[in-house]
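Residue-level structural notes
As a plain string of letters, each chain reads:
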There are 2 protein chains.
Amino acid sequence: MYSDFMSTPERLIESTRELLWERGYVGTSPKAIQQHAEAGQGSMYHHFKGKPDLALTAIRRTAEEMRATAEGVLGGPGSPYERIEAYLRRERDVLRGCPIGRLTMDPDIIANDELRAPVDETLDWLRERLAGMVEEGQERGEFAPSLDGEEIAATIVATVQGGYVLARASGSSAAFDTGVRGLLALLRPTR
Amino acid sequence: MYSDFMSTPERLIESTRELLWERGYVGTSPKAIQQHAEAGQGSMYHHFKGKPDLALTAIRRTAEEMRATAEGVLGGPGSPYERIEAYLRRERDVLRGCPIGRLTMDPDIIANDELRAPVDETLDWLRERLAGMVEEGQERGEFAPSLDGEEIAATIVATVQGGYVLARASGSSAAFDTGVRGLLALLRPTR
DNA sequence: GTCTATACTCAGATAGAC
DNA sequence: GTCTATCTGAGTATAGAC
């Protein structure tokens, strides 16, 4: 796959990221990781303590990447509403789902605080980031002062996460976009 | 578990429903189902063709139940806004997630059109039901006429599905409620 | 209808040679 | 660092006796 460019640990981590996104933690076996990484059994257990250790490394990296991607749009130019809109309309691989959010449906992730932590922290960071932007928008008169920033932020993140569910259920990214348009209509400044 | 009251096929179906909710399709083995149902290997393969067959029966029943529960609230008394609010605030086992929505993160469900169909149909029915109610609310002047019923319906369903994600990530149902409050604030009639 | 036997692969590792 | 051997149990069945 990427054998020529990366070290064995790197290939193992990247393969794990791919497979966790595609099949979740429960659905990803050490053997599948090794084959995808073109690494032997011995290599994997030399570099990592086992599946949970490797998964933790992979999840942390994915979480970091997701944060950076979001910040790239949310920290960009424009008014708060415009930046939230840009975030919601951003190009996404909708049918693959959210590589972080999907992990919450994995029983073994939820049962393990260490594995759950990066998932929790990432979604929490996103909510706080958005909450601050909603408040900033209120100061500029872009959003109604009666709204609660944390609540609206949670609604925004939930709409995105739920959008993936609707899209995957229907086999089409259209449902995601429809939900986003509805949210933007509700958020839209009246002037 | 429920050995005394139900036939073996019933126990198998109910056990499968439980386990699919808890661990998903990939995370649920025939052996686990048999043990939960207190049924032997032979029994399971006598009554069902295999894991996919049993899962399909279980998923259809869960889908039917979810529809009935939703209709119980959405078809109740009150204005459209009030019934949508009742639906959103309805008692839920938030930390367990949605027994239908969670299946969309299961690669083997998504890869199998027969297994995906009941999931798709249920979420689709819900969206259409809500879209009609939004339009009814618009006729009564409860919602702004500029809104699109289908879009708002998708936003509502996505907020619920995503609310489960936030709740499970944080290990607390509070995040679900926060997202719902945000959505209700955005939907609230001004008079 | 249910049970036991059998089969073959995979999950998730550990041990030790190279 | 990587490879091969080995291990115990689970995954997903089929076959045939009772």
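Quick notes on the rules
- Starting from 1, residues in each chain are numbered consecutively following that chain's sequence as written.
- Each chain gets a letter, beginning with A, and each ligand a number, beginning with 1, in the order they are written.
- Only residues with pLDDT of at least 70 get local features here, since the model is predicted, and only at 80 or more are side-chain atom pairs given and counted; chain-wide, interface and lining totals rely on the full set of residues.
- For side-chain calculations, the full set of non-hydrogen atoms in the structure is used, while hydrogens and water are omitted.
- Here, two residues are considered to be in contact whenever any of their heavy atoms come within 4.5 Å of each other.
- Accessible surface is computed with a 1.4 Å probe, and the buried area is the amount of it that two parts give up when combined, taken over both parts together.
- A pairing counts as a salt bridge when a side-chain nitrogen of Lys or Arg comes within 4 Å of a carboxyl oxygen of Asp or Glu.
- Throughout this description, a polar contact denotes any pair of N or O atoms lying within 3.5 Å of each other; where both atoms belong to protein, one of them has to be capable of donating a hydrogen while the other can accept it, and for residues adjacent in sequence the pair is counted only when both atoms sit in side chains.
- Numbering goes from the N terminus for both helices and strands, where a helix is a DSSP run of H or I of at least four residues and a strand is a run of E of at least two.
- For this classification, Asp, Glu, Lys and Arg are treated as charged, while Ala, Val, Leu, Ile, Met, Phe, Trp, Tyr, Cys and Pro are nonpolar and the rest, including Gly, are polar.
- Each cavity reported here is a set of points on a 1 Å grid over the protein atoms alone in which a 1.4 Å probe fits but cannot get out, each pocket an open set with protein on both sides within 12 Å along at least five of seven lines, and each lining residue one with an atom within 4 Å of a point.
- Grid points are joined across faces, edges and corners, and a volume is the space filled by probe spheres set on the points.
- Alignment of copies: least-squares fit on C-alpha atoms of residues with pLDDT of at least 70 in both copies.
- Only the stretch in contact is used when fitting a helix axis, every axis being a line fitted to C-alpha atoms; angles between N-to-C directions are given from 0 to 180 degrees.
- We call two directions roughly parallel when the angle between them is under 35 degrees, roughly antiparallel when it is over 145, roughly perpendicular when it lies between 65 and 115, and oblique otherwise.
- Near residues are defined by distance, with any heavy atom within 4 Å of the molecule or strand qualifying the residue.
- UniProt positions are given in the numbering used here, feature names are shortened, and annotations may be inferred rather than shown by experiment.
- When two rings of Phe, Tyr or Trp (its six-membered ring) have centres within 6.5 Å they constitute a pair, described as stacked for plane angles under 30 degrees, edge-to-face for angles over 60, and tilted for the intermediate range.
- Note on classification: 1.4 Å probe, protein chains only; a residue is buried when its accessible area is under 20% of the maximum for its type, exposed when over 50%, partly exposed between these limits.

Looking up chain A in an unreviewed UniProt entry gives the name TetR/AcrR family transcriptional regulator, with the organism given as Streptomyces sporangiiformans.

Things to note about the interface of chain A and chain B
Counting from both sides, the interface comprises 45 residues of chain A and, opposite them, 45 residues of chain B. Summing the contributions of chain A and of chain B, the shared interface buries around 3700 Å²; its carbon and sulfur component is 69%. On the chain A side of the interface with chain B, the three residues burying the most area are M105(A), R168(A) and L186(A), jointly 20% of the side's total. Our count for the contact surface shared by chain A and chain B stands at four salt bridges. Between R181(B) and E151(A) there is a salt bridge; the shortest N-O distance is 2.9 Å. The interface formed by chain A and chain B contains 15 residue pairs in polar contact (both at pLDDT 80 or more). Sorting the residues of the side of chain A that touches chain B by element identifies α1 (8-23), α6 (107-110), α7 (113-139), α8 (149-170) and α9 (174-187) of chain A as the ones contributing at least two each. The biggest single contributor to the side of chain A that touches chain B is α8(A), with 17 residues. Its residues assigned to classes, the side of chain A that touches chain B shows 20 nonpolar, 13 polar and twelve charged.

A word on empty space enclosed by the protein
Enumeration according to the criterion identifies four cavities of 30 Å³ or more in this entry. Looking at the largest cavity, it is lined by 17 residues, and the ones nearest its centre are R102(A), M105(A), D106(A), R102(B) and D106(B). Class assignment of the residues belonging to the lining of the largest cavity gives a composition of seven nonpolar, four polar and six charged. Forming the boundary of the second largest cavity are 13 residues, of which M105(A), V165(A), M105(B), Q161(B) and V165(B) lie nearest the centre. The greatest single-element share of the lining of the second largest cavity, amounting to three residues, is contributed by helix α8 (residues 149-170) of chain B.

Observations concerning the relation of the copies chain A and chain B
Take chain A, turn it by 180°, move it 0.0 Å along the axis, and it overlays chain B with an RMSD of 0.0 Å. Put plainly, the chains are arranged around a two-fold axis. When the interface residues of chain A are mapped onto chain B, 100% of them again fall at the interface, so both copies present the same face.

Some details on the packing of α1(A) against helix α4 (residues 51-74) of chain A
Residues and elements named next belong to chain A. Put simply, α1 and α4 touch, their axes get as near as 9 Å, and they point 75° apart. One way to sum up the angle between α1 and α4 is to call them roughly perpendicular. Of α4, the residues touching α1 (which contributes E10, L12, I13, E14, T16, R17 and L20) are L54, A55, T57, A58, I59, R61, T62 and E65. Partitioning the contact of α1 with α4 into residue classes produces seven nonpolar, three polar and five charged.

Things to note about the protein's contact with DNA strand C
Around DNA strand C sit 14 residues in total, of which S29(A), Q41(A), Y45(A), T8(B) and H47(B) are the nearest. Of all DNA strand C atoms lying within 4 Å of any protein atom, the proportion belonging to sugar or phosphate reaches 63%. Here G40(B) contributes a backbone N or O atom positioned 3.4 Å from a phosphate oxygen of DNA strand C. At 2.7 Å from a phosphate oxygen of DNA strand C is found a side-chain nitrogen or oxygen belonging to H47(B). Listing elements by their share of the surface near DNA strand C, those giving two or more residues are α2 (30-37), α3 (41-47) and α4 of chain A together with α3 (41-47) of chain B. Considering each element in turn, the surface near DNA strand C owes the most residues, four residues, to α3(B). Its residues assigned to classes, the surface near DNA strand C comprises three nonpolar, nine polar and two charged.

Details of the UniProt feature "domain: HTH tetR-type" (unreviewed entry) in chain A
With numbering matched to this structure, UniProt assigns "domain: HTH tetR-type" (unreviewed entry) to residues 6-66 of chain A. The span residues 6-66 of chain A is 77% helical and 0% strand by assignment, and the distance between its end C-alpha atoms comes to 22 Å.

Here we look at the packing of aromatic side chains
All names here are of chain B. A complete count under the given rule lists four aromatic pairs over all chains for this structure. Summarising the aromatic geometry, the rings of Y164 and F176 are spaced 5.2 Å apart at their centres and angled 50° between planes, so their arrangement reads as tilted. One end of the pair, Y164, is in helix α8; the other, F176, is in helix α9 (residues 174-187), with twelve residues separating them in the sequence. As far as burial versus exposure is concerned, Y164 and F176 are alike and both buried.

Regarding the protein's contact with DNA strand D
Lining the immediate environment of DNA strand D, one finds 13 residues, of which H47(A), S29(B), P30(B), Q41(B) and Y45(B) sit closest. When atoms of DNA strand D within 4 Å of the protein are split into backbone and base, the sugar-phosphate part holds 63%. At 3.4 Å, a backbone N or O of G40(A) approaches a phosphate oxygen of DNA strand D. Y45(B) places a polar side-chain atom, nitrogen or oxygen, 2.8 Å from a sugar or linking oxygen of DNA strand D. For the surface near DNA strand D, the secondary structure elements donating two or more residues are α3 of chain A together with α2 (30-37), α3 and α4 (51-74) of chain B. For the surface near DNA strand D, the element with the highest residue contribution is α3(A), accounting for four residues. Class assignment for the residues of the surface near DNA strand D results in three nonpolar, eight polar and two charged.

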